[in-house]
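Topology and contacts: notes
As a plain string of letters, each chain reads:
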Amino acid sequence: MSTILKLEHIYKSFPGVKALDDMQIELERGEIHAVCGENGAGKSTLMKVITGVYKADSGNMYLNGEKITVNEPNDAYSKGIAIIFQETSLFKDLTVLENMFMGHEPVKKIGPISNIDYAAEEAKATEIFNFLGISGISFDDKIDNLGVAAKQMVEIAKALTYDAEVLIFDEPTAALTEKEVRSLFETIQRLKERGVSMLYISHRMEEIFEITDRVTVIRDGSFIKTAKTSEVTEQQLIAWMVGREMVGELYCKADVEIGEPVLEVKGLTKPGLLENIDFTLRRGEILGFAGLAGAGRTESAECICGLMKRYTADIKLFGKPFKAKNYRHAIDNGLVYLSEDRKKYGLVVPMSVKENLTMSILYQISKGTFIDFKTENQIVEKYMKDLSVKAPDKDFVVENLSGGNQQKVLLAKALCAKPKILILDEPTRGVDVGAKAEIYKIIKQLSEQGISIIMISSEMPELLGMSDRVVVIKEGRKVGEVERKDFSQEKVLGMAL
Ligand SMILES: Nc1ncnc2c1ncn2[C@@H]1O[C@H](COP(=O)(O)OP(=O)(O)OP(=O)(O)O)[C@@H](O)[C@H]1O
Ligand SMILES: [Mg+2]
């Protein structure tokens, strides 16, 4: 084995944050190397240093034994290092082919004139698509019209146009369906067989153990350990990440008496999306919504909470007919929705943690036209502490938080609104194991307080671990309902597929 990429003594600070503190990592040729750590540990920052998005304050980087500096992303590309961003860096108005060769188009000289050599582009792109086993995407599709998984494939294909030798994946599966994950893993195996070396970040432990050869753990920006994945246990890995042993069950289920119906939905229909969905949620109950991505779970929630218009349904809220005029109307009636899309209905990222948390309840904590700052600060401090949001202070801009900490702020914002019914859409996406346990504990406490919860999740263990009952949605229809005593992964998946 030979080392392809090596970093040592890497330091990187942001105002008020030491993101990387004497970090090191060695990547061997042809291996898949996991980078593990809690939310805010510095994983993404390290990857951005490698790819020239950020410049390290100090430290050394070697590629094939040679010292290199990477000043900007294009530098990284030309050296054969590429990152597959979760939020794609592709140009959405351009085509697949244009994106793949952007900035390094092959040229053809006819006399004194240089032209883009489209034939050469297509030939190379065809070869790459064949190698990756991509089907169903054509070269002149516009990026904007592709789904998350397809965009990701185009990013990988683009990296191969640079003959990338080092590929970085930062939480690539967070927004993929089970089937898309399988196909991504096949692609990753092919890349490995071709000799590509990969760094792989994920909060899903089972993925780390399935596909990686070695793992490096980072904690508070510092290097902790590198080990062979086959020689560590999940327990051990988590202990290195959080710096202590974690004991007990991850999922904790409250033993609460389930009360009267609080939300009764009948015949929820939205042409082309939802058809005749019925369900009832009771007081203190946790109702899971299972299904594949795109099945209509999010749309159902958005209709009920006034975020989507033009649907028909008979809805009763606390026994009385209800139709949300808009989201504010839903909140005022105790119905709160935590969106799966942090940016769409969730957070205003250029604003501070504090502003985000209290944005939807300002009118509740104001006296006349004045905001009661004391109350506001108390609320914000409480939730930041309860959810251990890692930020230097409450005025920190959300944009600069790590992904998992943004997710915690989103949950805190929903809790601030004092829900009686809380709809959680993918509540632990991108959240580390420690924080997941904290979120489950909070969900348990909420149900003990009589709050009713709908949990939409693509993570089957989480759904089965936390719910009293699971409703299965498929292609806009309800296809089944399973009680906790009858739970099994096969049963629920069987209905959803
Ligand atoms: N541009 C920035 N400005 C200020 N602070 C930043 C910036 N980018 C990252 N940070 C801080 O650096 C630390 C490390 O963040 P990073 O995104 O690398 O964490 P991570 O390990 O990727 O976490 P997650 O698992 O949640 O994605 C965090 O405390 C974060 O708030
Ligand atoms: Mg990250």
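Residues numbered from 1 in each chain as written. Chains lettered and ligands numbered in written order. Predicted model: local features only at pLDDT ≥ 70, side-chain atom pairs only at ≥ 80, totals over all residues. Heavy atoms only, no water.

Quick look at the state of the cysteines now. As enumerated under the stated definition, the model contains zero disulfides in all. With no disulfide partner, C303 has as its closest neighbouring cysteine sulfur the one in C305, 9.5 Å distant. (Disulfide = S-S within 2.5 Å.)

Side-chain positions along a regular strand alternate between the two faces of the sheet. The sheet contact formed by strand β7 (residues 107-110) and strand β8 (residues 113-116) spans four bridges and is antiparallel. Bridge pairing links K108 to N115 in β8. In textbook terms, the turn of a hairpin is the stretch between consecutive antiparallel strands, and for β7 and β8 this stretch comprises two residues, one of which, G111, has a positive phi near 60°. (Pairing = 2+ DSSP bridges. Helix = DSSP H or I, 4+ residues; strand = E, 2+ residues; numbered from the N terminus.)

If you check the shell around ligand 1, you find 20 residues, and the closest are T45, H203, N400, S402 and G404. T45 has a polar side-chain atom sitting 2.6 Å from an oxygen atom of ligand 1. Burial of ligand 1 by the surrounding chains reaches 91%, relative to a free accessible area of 650 Å². Counting only elements with at least two residues in the shell around ligand 1, the list comes to β2 (17-28), α1 (43-50) and α14 (403-416). Among the elements that line the shell around ligand 1, the one with the most residues is α1, at three residues. Across the shell around ligand 1, the residue classes break down as seven nonpolar, ten polar and three charged. Formed jointly, the shell around ligand 1 draws a minimum of three residues from each of two domains, domain 1 (3-242) and domain 2 (261-496). (Near = heavy atom within 4 Å. Polar contact = N/O pair within 3.5 Å; in protein donor to acceptor, adjacent residues only side chain to side chain. Areas by Shrake-Rupley, 256 points an atom, 1.4 Å probe, with all protein chains shown as cover. Nonpolar A, V, L, I, M, F, W, Y, C, P; charged D, E, K, R; others polar. Domains from an automatic or database assignment.)

Let's shift gears to the pattern of salt bridges. Summed over all chains, the structure comprises 24 salt bridges. Residue D372 is joined to K367 by a salt bridge in which the shortest nitrogen-to-oxygen separation is 3.4 Å. When salt bridges with common partners are traced through the structure, they connect R204, E207, K436 and E459 into a single cluster. (Salt bridge = Lys/Arg side-chain N within 4 Å of Asp/Glu carboxyl O.)

What follows deals with the packing of aromatic side chains. A ring pair, where both rings are aromatic, is described by two values, the distance of the centres and the angle of the planes. Tallied over the full model, the rule gives seven aromatic pairs. Ring geometry for Y77 against Y162: centres 4.3 Å apart, planes inclined by 20°, an arrangement best described as stacked. Of this pair, Y77 sits in helix α2 (residues 73-78) while Y162 sits in the loop between α5 (148-161) and β9 (166-170), and the two are 85 residues apart along the sequence. Residues F169 and Y200 carry aromatic rings whose centres are separated by 6.3 Å and whose planes lie at 45° to one another, so their mutual orientation is tilted. Highlighted residues: F169 in strand β9 and Y200 in strand β10 (residues 197-201), separated in sequence by 31 residues. On the accessibility criterion, F169 (0% relative accessible area) is buried. On the accessibility criterion, Y200 (0% relative accessible area) is buried. Through a chain of ring-to-ring contacts, the aromatic side chains of F169, F185 and Y200 assemble into a single cluster. Just above the ring of F131 sits the side chain of R194; from NZ or CZ to the centre is 4.3 Å. (Phe/Tyr/Trp six-rings, centres within 6.5 Å; stacked < 30°, edge-to-face > 60°. Buried < 20%, exposed > 50% of the residue type's maximum accessible area, 1.4 Å probe, protein only. Lys NZ or Arg CZ within 6 Å of the ring centre and 35° of its normal.)

Orientation of α5 relative to helix α6 (residues 178-193), taken along the N-to-C sense of each, is 10°, at an axis distance of 11 Å. Compared by their axis directions, α5 and α6 come out roughly parallel. Residue-level contacts link A149, Q152, M153, I156 and L160 of α5 to E180, S183, L184, T187 and L191 of α6. When the residues that make up the contact of α5 with α6 are grouped by side-chain class, the tally is six nonpolar, three polar and one charged. (Axes fitted to C-alpha atoms, helices over the stretch in contact; angles between N-to-C directions. Parallel < 35°, antiparallel > 145°, perpendicular 65-115°, else oblique. Contact = heavy atoms within 4.5 Å.)

Position of S300 relative to the elements: it lies in helix α9 (residues 297-304). Judged by relative accessible area, S300 falls into the buried class, the value being 0%. The contact partners of S300, leaving out residues within four places of it in the chain, are L268, L274 and I277.

The next subject is the sheet that holds strand β13 (residues 261-270). To summarise the sheet geometry, strands pair through backbone hydrogen bonds and adopt either a parallel or an antiparallel arrangement. In spatial order, the strands read β14-β13-β16-β17; together these four strands make up an open sheet with antiparallel pairing. Every other strand in the sheet has two partners, leaving β14 (274-282) and β17 (320-321) as the edge strands with one partner each. Two elements, β13 and β14, share six bridges in a ladder whose sense is antiparallel. From the neighbouring strand, E264 faces β14, where its bridge partner is T280.

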